[in-house]
Structures are given as structure tokens and as C-alpha cells.
Amino acid sequence: MASHSGAHLVAFILPVLFLFLLPFSQFSHAQLLFQGFNWQSSKNTQGWYRVLKNLVPQIGEARVTHVWLPPPSQSASPEGYLPGRYYDLDSSKYGSEADLRDLIKAFHASNVKCLADVVINHRTAAKKDGRGIWAAFEGGKGDGSLDWGAWSICKDDTQYSDGSGNYDTGDSYGPAPDIDHLNQRVQKELTDWLTWLKTDVGFDGWRLDFAKGYSTDVTRGYIQRAHPEFVVGEVWSSLGSDPVQGPEAHRRELDNWVRGAGGVATAFDFTTKGVLQSAVKDELWRLKDSQGRPSGLIGISPEKAVTFIDNHDTGSTQNYWPFPGDKVMQGYAYILTHPGIPSIVSSLTSSVLTFQHFSAQAGNSFSGQRFTGKFYDHYFDWGLGKEIKWLAGIREKNGIKAGSTVEILGAEKDLYVAKIDGRVITKIGSRYDAGGLIPPGFRMAAAGKDYAVWEKI
């Protein structure tokens, strides 16, 4: 590809140097969601909230605007995803209630807002009921709030229910009782708890765990009553085997969810993740749909799509659905230059917190993009931090937002080229020569293994 010649490499280096000499205030403020924990964080002996609080200055300097914190309540699992006593924040394996409140205050002082990981599809009981079944719940407040019995369990969850509840409005969850969200007392007391998290504890919004477990009508009701500033739902389904119809149906499910939930609701763009991690295996035609748009949720509702490469479920130590390790930078070149809302994840290595794809070491902060997903292992252990910083800086410098426009110039087996907002061109794929798809008036701003990015001069 002619643009990779020595002359153009000079044109690449100078803009990059210029980019990082500019004061960050000259860039428009993009939004960046930072996942402030991973699957191992609850095991930290220092207390995760305290560890994270020590990193608030560096996270703030990275221009993060929202941090996603772990489930705050007492839980049968250390990670927090089997909650029981919702009001009991002192029994969390991440730290005490006082530590959590201090952490939120520290983030707020750095102009970073906090999202609670809200797990309300299911719940674990405190003890057995009169039937000898684990279906007696305690709220942890001491006034009877959220102290429920088997009546609060969905009728069709026959392992726990007494048959008096309503049918489940969403997917079932095997490991714990499914909560009956059509019950008026359940709705009121969960709304009270969600409001308490906001007005008393200090949370600003939510990440909804297993959001497929209850209907969008239920979700919309909680949003309307508790008034979170921002909500992102985990709606994770199989993409299926059909390379065309599978992604289309998949993203329509996500789109239907965000539309049904309404208001401030967004969804993690699992469609883009799935399509992208297949496409980089020399199937880059997957990234263009039949109408010339991106194939994921970002192709139909970009402002409601939270893009990511991996998170604590798909990657981390769980590793359920990881992005191909040798193609990671192609993935980042794509999501950091395309529409959607990017996200970042944290990890702990040798007792030092680092951004998953962003470093939290002193002197290595920069202006990031909210809501593009990045994962620590790639940034720190794999040494990809510099490349990712270049790409994030290009995104912010050129004002790429969730609703930015995309013109796909080429999508073939081993080559994908797209123009974003008429200002940035991204190429990914193993083919070196872009075949004349890069027009005059653009200069290279970043390049790496099987990817390159140009800016309009």
C-alpha cells in the first residue's frame, strides 16, 4: 500500500507527536465508561474499594466520565452476582459500606460519575421457609423492607415458588430464585432501594445484569420511577450460525430492548463484538450489512450501543467468549474510530491497578473515549498501550461520537476500509494494499499490525 511508504511514515509520526503535545482541553469531551473491577477483584486482600480509591486521580486524569462499580450488596458469591440482603453493603467482598461511600465521593470530586452493577433478576434467600425451601429473604435494613417470602418468586420457578406469584416476564435463571417483578410490593421496594442507592449512597446510574431476565416494561418502570442518569443493559444471546441473518436478528433484539426500556437505556453491543471477532479471521465482509451499514447495533442505533472487545465475562479469568488474541489491535482500530459508546475494564497485577488497555501509572494518562470496551491484558501485559492511546486520541481529536456517520469504502475477505464523519479513514485486515481506497487529502495518523488510520488534512 503506497501510504505505508517511508514518506508517509514521516507524515504519520509528526501528527502523532503533535496530537500528544496538544493540551487536552483543545479536544471535545467524549464520554468514557470505565469498568472498575474484574472477576478477581473481590479477592484483593487490601479491599477493592480502597485500592480503587487510590487510583481515582489517575482515572480522573484519563478523562473517564463514568465508572462501573461491582454489585454492592451482600451476596452468596464473592463477585456479587447472587445478591441476598440488598441493603447490607458491609458484607460485600469488595469492602465496607463506608469504603464504598468514600470511593464514590472521591470519584465525584474528580467529576467521575458512578454506576452500580444492579442484579435484580434473581436473589438468594437468607434461610429456609416453613416448607424447608430456601425462599425466606432478608433485606438487611431491619424495617421489613425487602424481607420477602416465596410469594415474591415467579410462579414458573417451581424449584422455589409456592405458586402464588406471576409468571416470569423474561428468561429463567437456574442458580437462584427468579424475582416476580409484576408484584406491586416487589416493584415498590426495589424502586425504593434503587432510589436509596442514588440519593443516599451516591450512585448515578446502573449496569443491569442479566437484563433478559425480565421484560422491558419492567425495566422501563424502574427507570421512570428511580430516575438514573445512565443505564446499560446486559442482553447477551447467541449470534447463531447464519453469518447474515444471525447478526441481523441479534442486533434487532438489542434494538428492541433499548427501545422498550426507553429513556436513558443503552445496551452492550454484543452483536458488534461477535461479528468483529469473526470478521478479523479473514472474513471482513461481515462488517458490512446489505444496506452498507456496520453489521452490529452501531449500524442501526449507534447512540444506544456500548461497544467493547472483552469484559469480565467474555475475557478475564472466565474467558467465555474471548476476542482472538492475535487480532486484538484490529478490533481496537475498529471500535475506537467507529460510532457507538466505548467501555474500559480494570485489572490487578502484582498489587498494582492498571486500566485494561489503559495504564493507570503516573504520567501515562490521556484523554480517553467513554464507552468503547478495552481489556487490561491487551494493554499492559501485551504491550499494546501506546497503540491504543494513539487511536483513542484520534477519536477525541476528530470529535468521533456515538452517533457519528460511517461510509464503508470496502469490505472484503482480508480488507475493510471505512470513512467516519468524513474526517477519519480506518483500514483493518491482512491485505497491505488498500487498492486506491484512500483518497487524496488524508494523512496517516496511526498504524500497526494489519491496521492503519488516516486523518483529513
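Residues numbered from 1 in each chain as written. Predicted model: local features only at pLDDT ≥ 70, side-chain atom pairs only at ≥ 80, totals over all residues. Heavy atoms only, no water.

1. Examining the pairing of strand β15 (residues 442-448)
Where β15 meets strand β16 (residues 451-456), 6 bridges bridge the pair, whose relative direction is antiparallel. When the bridges of β16 are listed, A447 appears paired with A452. Hairpin connection from β15 to β16: 2 residues lie between these consecutive antiparallel strands, with D450 at a positive phi of about 65°. (Pairing = 2+ DSSP bridges. Helix = DSSP H or I, 4+ residues; strand = E, 2+ residues; numbered from the N terminus.)

2. A word on helix α6 (residues 216-226)
Since the α-helix advances by 3.6 residues per turn, residues separated by three or four positions end up pointing in the same direction. Within α6, the full set of buried residues consists of V218, T219, G221, Y222, I223 and A226. Where α6 is buried, its residues meet α5 (184-201), β6 (205-208), β7 (231-233), α7 (245-261) and β8 (265-268). Positive phi shows up at H227, right after α6, with a value of about 60°. (Buried < 20%, exposed > 50% of the residue type's maximum accessible area, 1.4 Å probe, protein only. Contact = heavy atoms within 4.5 Å.)

3. A short note on the packing of aromatic side chains
If you walk through the whole model with that rule in mind, you get 14 aromatic pairs. Between the aromatic rings of W39 and Y81, the centroid separation amounts to 5.8 Å while the plane-to-plane angle is 20°, which identifies the pairing as stacked. Taken together, the positions of W39 in the loop between β1 (33-35) and α2 (48-54) and Y81 in the loop between β2 (66-69) and α4 (97-109) put the pair 42 residues apart, joining distant regions of the chain. Of the two residues, W39 and Y81, neither departs from the other in class, the shared state being buried. By way of ring pairs, the aromatic residues F37, Y49, W68, Y94, W236, F268, F270, F308 and W321 are connected into one cluster. Above the face of the W148 ring, R123 is positioned so that its terminal group lies 4.8 Å from the ring centre. (Phe/Tyr/Trp six-rings, centres within 6.5 Å; stacked < 30°, edge-to-face > 60°. Lys NZ or Arg CZ within 6 Å of the ring centre and 35° of its normal.)

4. Overview of the sheet that holds β16
The strand order across the open sheet formed by 5 strands is β12-β13-β14-β16-β15, and the pairing between neighbours is antiparallel. Lying at the two open borders of the sheet, with one neighbouring strand each, are β12 (406-411) and β15. On average, each strand axis in the sheet is inclined to that of its neighbour by 15°, with strand direction left out of account. Where strand β13 (residues 416-420) and strand β14 (residues 424-428) come together, 5 bridges link them in antiparallel fashion. Bridging across to β14, A418 finds its partner in T426. Docked against the sheet, helix α9 (residues 328-335) engages β13, β14 and β16, running at close to 155° with respect to β14. (Axes fitted to C-alpha atoms, helices over the stretch in contact; angles between N-to-C directions.)

5. Some words on unusual backbone geometry
Positive phi, normally seen in glycine, also occurs at F210, with a value near 45°. Its place among the elements puts F210 in the loop between β6 and α6. Residue F210 is classed as partly exposed on the basis of its relative accessible area, which comes to 22%. Here the phi dihedral of D282 falls at roughly 60°; this positive angle occurs in a residue that is not glycine. With respect to the helices and strands, the residue D282 is situated in the loop between α8 (270-279) and β9 (305-307). Given the relative accessible area of 30%, D282 is considered partly exposed.

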